Amino acid sequence: MMGTELVRHCVKEENMEIPSVPPGFESLTSFTLKRVEDKETVTTCCASASVSESRAVQMATEFNSSDDTKITRSLRRRPWINYSRFDDSSGDESDSEQKLSLRPCLPKGVIRGCTECSNCQKVTARWHPEETCRPDLEEAPVFYPNEEEFKDTLNYIATIRHRAEKYGICRIVPPPSWKPPCPLKEKNIWESSKFPTRIQRVDKLQKRESMKRMLKTHNNSKRRKRRRCIKNGGMEYGTGKGNILGCGEAGNCGENFGFEPGPEFTLDTFQKYANDFKVQYFRKNESIADPSGNETCPQEQWDPTVENIEGEYWRMVEKPTEEIEVLYGADLETGAFGSGFPKVSSPGISVSEEEYVKSGWNLNNFPRLSGSVLAYESSDISGVLVPWLYVGMCFSSFCWHVEDHHLYSLNYMHWGAPKIWYGVPGEDALKLEAAMRKHLADLFEEQPDLLHKLVTQLSPSILKSEGVPVYRCVQNPGEFVLTFPRAYHSGFNCGFNCAEAVNVAPVDWLPHGQNAIELYREQGRKTSISHDKLLLGAAREAVKAYWEINLLRNKSRDNLRWRDVCGKTGILSKALKVRSNIAQ
């Protein structure tokens, strides 16, 4: 994300070999002026030079990223010095530094933009089916509620929790009759509304070095070279700005790794961009025969399977051979861009669409449903109480993370290519964190809160080898994916698609929320919601429900639900007791 300027420091070392005669004080002998013809024409002569004239010569190194990598030096020349002598004498260090510069660099697999526009692309990278790295995983459970079960959203989630929570993630397929309209597909939004994107370097999600290590290696090489230069007559090479460490444009050499902002798109233009990338990437060089066997059809017509894409994704994450740059329209505020679900305020709502406006599965309603303690949060917190939209393309990723405050999350895919998820049960969260710190030790040493940044992947195969249970979930259009409290999850998109997500907090979340608050306090993290506010709001609602049941004989579904979480063994009662004990 950020280029880095390497600053030369003067280093004095005890073990540094110093010439017996200071540079510039050697005895001079007469000789004939001679012209030296080399790769660069240099005139050498001898003159009585002052100490200031024989000091270090500045040299700037430029890195030119082109098809054939070239490294050139622009020199501020002293006419009496034969620079090729010094180049030859320190050739080993020079070569090693050049190799250091180039080693982290991969050839560009995607070239975005041209002189005429910034949103076109040329994909030179190709699919490597023979090197597939598809992980061997068990599938997360899938649930198919009938229309009656589907009516009460939180009650249905409660009925499947005991079976699904041990996987950390599950898929819910609505009844065939549930087909909500999508306002985002209206022409004025599809062709006119723009959204920002993020640039993701897929090859850097797992395989990247920490900045400290890269700088240390480079500085050690500079120090060795400085010693050699002093031995050979006092010449010292400086450094200028440049991609010395092989830093790419996608921002991999800043203090902290992250995703740069990308260009803006409409849904229409992003679909074209995403489809073009996928066609180019999975195109084979040769043509294939059509079913009749008579003609050949171009490889662009071939569509990879989900298994093909998954295997290729983890190959480029674990064993990258090119720089792969993709774009992701992530965390788009539906309050600004618009929701994929109809709202009460949406113009022209028909009678048939009213059921979707009021549905508990409409993510605009979901966080504050009766039975969710988020209903007692008055602020519209973006991403928690107000859904976020995600517009993806092939290989665009969401990296390992848990939800804020260890909340539940629900994601619905409006349209497009499948989204592949990976989930780890909440009870195994510490195992995952330990495995990531073990395999990415340098990154965590440099950035201890790395998992909070959502910029790092680790292969499910590696996690499994460390005893971390990981489950796969493939989400298709019109399906929900539910994640449970403190369940780590990650994944990527298989092509152009659009999904929407938000959080919820049933009463059974309260113990998880209390644990999250204590963890945040230890880590010095800020909270986004007040746990005490939600807890007291739930307590007031439970008292009201008891009053209505006992005095008004109102045994509504909601009142009975609140009664069930009270009593000596009720979740709400226990949560209140734990919180009061902490306060004491």
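For clarity, every value in this text was computed on a predicted model and none was experimentally measured.

On to the overall build of the chain, then. Summing up its helical and strand segments, the chain has 17 helices and 24 strands in all. When contacts within the chain are restricted to residue pairs at least 6 apart in sequence, those whose partners lie at least 24 apart make up 81%. Total accessible area on the chain stands at roughly 29,500 Å², and carbon and sulfur atoms take up 49% of it.

Before going further, it helps to spend a moment on the confidence of the model for the chain. Per-residue confidence for the chain gives a mean pLDDT of 80, with 71% of residues at or over 70. In this model, residues 36-103 is a region of pLDDT below 50 whose contacts with residues beyond four sequence positions or in other chains number 107 contacts. Of the regions scoring below 50 in pLDDT, residues 233-254 engages in 75 contacts with residues more than four places distant in sequence or in other chains.

With that out of the way, let us pick up unusual backbone geometry. Positive phi, close to 60°, is recorded for histidine 405, a residue that is not glycine. Following the sequence through the fold, histidine 405 ends up in the loop between strand 18 (397-401) and strand 19 (408-416). Accessibility expressed as a relative area gives 1% for histidine 405, which makes it buried. The backbone of arginine 553 shows a phi angle near 55°, a positive value even though the residue is not glycine. Within the element layout of this structure, arginine 553 appears in the loop between helix 15 (531-551) and helix 16 (557-564). Judged by its relative accessible area of 65%, arginine 553 falls in the exposed class.

For proline 485, the location among the structural elements is in the loop between strand 22 (480-483) and strand 23 (489-493). Assessed through its relative accessible area of 3%, proline 485 is described here as buried. For the pair proline 485 and valine 402, spaced 83 residues apart in the sequence, the C-alpha separation amounts to 7.9 Å. The contacts of proline 485, once residues within four sequence positions are left out, are Glu165, His406, Leu407, Tyr408, Gly426, Trp509 and His512.

One open sheet holds the nine strands; their spatial order is 8-9-22-19-24-17-16-11-12, and the pairing between them is mixed. At either end of the open sheet lies a strand with only one pairing partner, and these are strand 8 (142-143) and strand 12 (260-261). The strands touched by helix 4 (residues 153-164) within the sheet are strand 8, strand 9 (169-172), strand 19, strand 22 and strand 24 (497-504), with strand 9 carrying the most contacts at an inclination of about 135°.

Turning to the nonpolar core, a few remarks are in order. In terms of nonpolar packing, the biggest core is built from 67 residues, with Leu184, Val202, Phe277, Tyr281, Phe395 and Trp400 touching the most fellow members. The element best represented in this core is helix 7 (residues 267-281), accounting for six residues. One finds Leu154, Ile172, Phe480 and Trp509 within the second-largest nonpolar core, a separate group that totals 45 residues.

With that settled, consider the pairing of strand 9. Each regular strand shows side chains that alternate between the opposite faces of the sheet. With burial as the criterion, each face of strand 9 is covered, one bearing Ile169 and Arg171 and the other bearing Cys170 and Ile172. Direction of pairing for strand 8 relative to strand 9: parallel, over a ladder of two bridges. Note that in strand 9 the partner of phenylalanine 143 across the bridge is isoleucine 172.

Our focus in this paragraph is helix 11 (residues 429-439). Taken as a whole, helix 11 has its buried residues at Ala429, Leu432, Glu433, Ala435 and Met436. Each buried residue of helix 11 lies within a common arc of 165° when the element is viewed along its axis, so the set occupies one face. Seen from the open side of helix 11, the exposed residues pointing more than 90 degrees away from its buried face are Leu430 and Lys438. Against the buried residues of helix 11 lie strand 18, helix 12 (441-446) and helix 13 (460-465).

On to the packing of aromatic side chains. This structure, assessed with the given rule, holds 32 aromatic pairs. Seen from their ring centres, tyrosine 281 and phenylalanine 282 are 5.2 Å apart, and the 70° between their planes marks the pair as edge-to-face. Judged by relative accessible area, which is 1%, phenylalanine 282 ranks as buried. Measuring from ring centre to ring centre gives 6.2 Å for tryptophan 415 and phenylalanine 496, while their planes differ by 45°; the resulting arrangement is tilted. Note that tryptophan 415 is positioned in strand 19 and phenylalanine 496 in the loop between strand 23 and strand 24, a separation of 81 residues in sequence. What makes phenylalanine 496 buried here is its relative accessible area of 6%. Three or more aromatic residues joined by ring pairs form one cluster here, namely Trp127, Phe277, Tyr281, Phe282, Tyr313, Trp314, Phe395, Tyr422 and Phe492.

Reading guide: rules and limits
- Residues numbered from 1 in each chain as written.
- Predicted model: local features only at pLDDT ≥ 70, side-chain atom pairs only at ≥ 80, totals over all residues.
- Heavy atoms only, no water.
- Helix = DSSP H or I, 4+ residues; strand = E, 2+ residues; numbered from the N terminus.
- Contact = heavy atoms within 4.5 Å.
- Areas by Shrake-Rupley, 256 points an atom, 1.4 Å probe, with all protein chains shown as cover.
- pLDDT = per-residue confidence, 0-100.
- Buried < 20%, exposed > 50% of the residue type's maximum accessible area, 1.4 Å probe, protein only.
- Pairing = 2+ DSSP bridges.
- Axes fitted to C-alpha atoms, helices over the stretch in contact; angles between N-to-C directions.
- Core = buried A, V, L, I, M, F, W, Y, C linked by side-chain atoms within 4.5 Å.
- Arc of directions from axis to C-beta.
- Phe/Tyr/Trp six-rings, centres within 6.5 Å; stacked < 30°, edge-to-face > 60°.

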